[in-house]
Amino acid sequence: MAVSNNIIATVNFIALICSIPIIFTGIWLASKPDNHCIRSLPWPIVFIGILFLLLALTGFIGAYYNKQGLLALYLFCNAALIVTGIILLILAYIVTHPSGAYAVPGREYDEYRYMGYSEWLRDHITDPENWGSIKACLASSSICKKMVWDSYSAPQFFASRISSLQSGCCKPPTVCGYQYVNPITWINPTNPMGDVDCILWNNDPNQLCYNCDSCKAGVLGNLRKEWKEANIILIIAVIALICLYLIAFSAFKNTQKTESKK
């Protein structure tokens, strides 16, 4: 096997091994309780990892067995993945950049405005068709129930760092002026007209604020946070693909020159 092919095979063998953590990261994200109700979130990461693995495998086989046609296909697919990855990064940034989070005086946790998130997220994630199943999933999950198990006093609850889902779906907005009983039981609002969600709040554990815009905002807030983390993996993958492409292209050109001199 030529030296150039040795380089391509070695680099792609390393890439093949590196693709495994990307796939497992996607699976890990899918297993997180916060993502249980939005099944589509982690699978793009798994898909990227699988593509990365297949690409590295193609490059390794093409180099190891000196299949020039397979190496040419590898380079083409690598370039296509780089372009696709860059486009995805730009789109993900545009979609996830707006944030509906805002600070509340006297509270350690943030609250969330539905209209603060991008129109694309609102239309595709929390549209009426999707929201029914997401809401049912949230109601049947332990996301809100486990807050009661922690037995917060009011000062402890107000000083806690609850998740965006818990902030938006498990309690009423602070502006409503509800009195705290426990994390999912609130009574006697002093400002029931302060927000449209104030009248939607219900102490029934199966309802809570699942019909509220604040709950939709909490879901989008969680989605935004997870995608920010996923973008880091995508950035690393794109940089790795660019490095692979440059090394493989240079080695491929050297192989072609060697072949033409024979």
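Residues numbered from 1 in each chain as written. Predicted model: local features only at pLDDT ≥ 70, side-chain atom pairs only at ≥ 80, totals over all residues. Heavy atoms only, no water.

Under an unreviewed UniProt entry, the chain has the name Tetraspanin/Peripherin and belongs to Ambrosia artemisiifolia. In its Sequence similarities (unreviewed entry) section, the UniProt entry covering the chain states "Belongs to the tetraspanin (TM4SF) family." (UniProt positions renumbered as here; feature names shortened; annotations may be inferred.)

Visitor: So what about the pattern of salt bridges? Which residues, and what values?
Guide: Summed over the entire model, instances satisfying the criterion amount to three salt bridges. E111 serves as the salt-bridge partner of K171, at 2.6 Å between the closest nitrogen and oxygen. Separated by 60 residues along the polypeptide, K171 in the loop between α8 (164-169) and β3 (179-182) and E111 in strand β2 (residues 110-112) bring together distant segments of the chain. Comparing K171 with E111, the two get one shared label, buried. E226 serves as the salt-bridge partner of K225, at 3.3 Å between the closest nitrogen and oxygen. (Salt bridge = Lys/Arg side-chain N within 4 Å of Asp/Glu carboxyl O. Helix = DSSP H or I, 4+ residues; strand = E, 2+ residues; numbered from the N terminus. Buried < 20%, exposed > 50% of the residue type's maximum accessible area, 1.4 Å probe, protein only.)

Visitor: Describe the confidence of the model for the chain, and please don't skip the residues or the numbers.
Guide: Predicted confidence across the chain gives a mean pLDDT of 85, with 92% of residues reaching 70 or more. Mean pLDDT per element in the chain: helix α1 (residues 3-31) is the minimum at 76, and β2 is the maximum at 96. (pLDDT = per-residue confidence, 0-100.)

Visitor: Summarise the UniProt feature "transmembrane region" (unreviewed entry) in the chain; cite the residues concerned and give the values.
Guide: Within the UniProt annotation, "transmembrane region" (unreviewed entry) is assigned to residues 6-29, 41-65, 71-95 and 232-252. Annotated as 100% helix and 0% strand, the span residues 71-95 places its first and last C-alpha atoms 36 Å apart. Segment residues 232-252 splits into 100% helix and 0% strand. End C-alpha atoms: 30 Å apart.

Visitor: Quick rundown of the packing of aromatic side chains? Include the residues and the values.
Guide: Counted by the stated rule, this structure contains 10 aromatic pairs. Summarising the aromatic geometry, the rings of F158 and Y180 are spaced 5.9 Å apart at their centres and angled 65° between planes, so their arrangement reads as edge-to-face. Here F158, found in helix α7 (residues 154-158), pairs with Y180, found in strand β3; they are 22 residues apart in sequence, far enough to count as distant. Connected via pairs of aromatic rings, a cluster forms that spans Y109, Y152, F157, F158, Y180 and W186. The aromatic ring of Y114 is capped on one face by K216, whose charged end is 5.6 Å from the ring centroid. (Phe/Tyr/Trp six-rings, centres within 6.5 Å; stacked < 30°, edge-to-face > 60°. Lys NZ or Arg CZ within 6 Å of the ring centre and 35° of its normal.)

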